[in-house]
Amino acid sequence: MIEAPEACCLSEQLNRTVRGKRITNVFAQYTPHKFAWFYGNPKEYPERLTGKTIDKINPCGGMIEIEAGDMMLILTDGINLRYFTPGEKLPARHQLLIGFEDESCLVASVRMYGGLWCFPKEGFNAPIAAYYETAKNKPQVMTDEFCESYFRKLIYADDAQKKTTKAFLATEQTIPGLGNGVLQDILYNARIHPKTRIHSLSAGQKEELYHQIKSTLQEMYNLGGRSTETDLFGKSGGYIPHLSKNTAGTICPRCEDMIKKENYLGGSIYYCSGCQPIQ
């Protein structure tokens, strides 16, 4: 799933690759997918986008925000995005294909689920608007606006105190773009168990958690995203997670205890039983 580091990497690649290109062809829901979520009728996407020029691409939490004339296209965290050069073989299955006048293409495919929302810049009004607007209007975790004083307001808020660290960091869009994927290594680096409650953390641990959010995400970004994700050209990221399904059951290189996996809050958590004791 796309999270903040990958959203930043993909946005930069898109700005270098498709910015300024005019759209000549659009195919939406070419391959039906039960959990591909569109804004309105996908049959209207060609009319909305054809003839428009890609103006700018921005990361927005774990989403990609593409401006094209008077239209906005939002691709959410469950989308796999690929760019194909002219003449390159295109995939047989996809949920959105955008062709440009130079005959290159941008192809979006849904994994388990994902949103492909195309709407006018003015007048976006739907239940999904709240999800997008929340991510857009909060400080982006990969920017200087997400500073330590802002983080203190989040972690010392009354409604945060009874939450576990996983619930605090990766649910309810407390920090847009920080999800269950990047969460594992952040907590591993901070030596905090994902089930530890926020009120149990010392002031020093809270400060360290902030610094590990910033430094871990920055390292992921610097290496082109996580190795479990691919970029615009199908290349895997260079950051190899310390904690993942690939390391569960192995020995922690830091303390030589066991890395464990559990199901928790609708997903998997990974932690080292030695250096991430629950408090």
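Residues numbered from 1 in each chain as written. Predicted model: local features only at pLDDT ≥ 70, side-chain atom pairs only at ≥ 80, totals over all residues. Heavy atoms only, no water.

Under an unreviewed UniProt entry, the protein has the name Formamidopyrimidine-DNA glycosylase H2TH DNA-binding domain-containing protein and belongs to Bacteroides salyersiae CL02T12C01. The heading Sequence similarities (unreviewed entry) in the UniProt record of the protein holds the text "Belongs to the FPG family." (UniProt positions renumbered as here; feature names shortened; annotations may be inferred.)

Student: Looking at this model, I keep getting lost on the sheet that holds strand E8 (residues 105-110). Mind explaining?
Tutor: Taken in spatial order, the 4 strands line up as E1-E7-E8-E6 in an open sheet, and their pairing is antiparallel. The open sheet has two free edges, formed respectively by strand E1 (23-28) and strand E6 (79-84), since each of these has just one partner strand. Each strand axis lies, on average, 10 degrees off the axis of its neighbour in the sheet, ignoring direction. Relative to E8, strand E7 (residues 96-100) runs antiparallel, the two sharing 4 bridges. Each bridged residue has a counterpart across the sheet, and for Gly99 the counterpart in E8 is Cys105. (Pairing = 2+ DSSP bridges. Helix = DSSP H or I, 4+ residues; strand = E, 2+ residues; numbered from the N terminus. Axes fitted to C-alpha atoms, helices over the stretch in contact; angles between N-to-C directions.)

Student: Explanation requested: the side chain of Thr17 in the structure shown.
Tutor: Here Thr17 lies in helix H1 (residues 4-17). Accessibility expressed as a relative area gives 16% for Thr17, which makes it buried. Filtering out sequence-adjacent residues up to four positions away, Thr17 remains in contact with Tyr83, Leu232 and Phe233. (Buried < 20%, exposed > 50% of the residue type's maximum accessible area, 1.4 Å probe, protein only. Contact = heavy atoms within 4.5 Å.)

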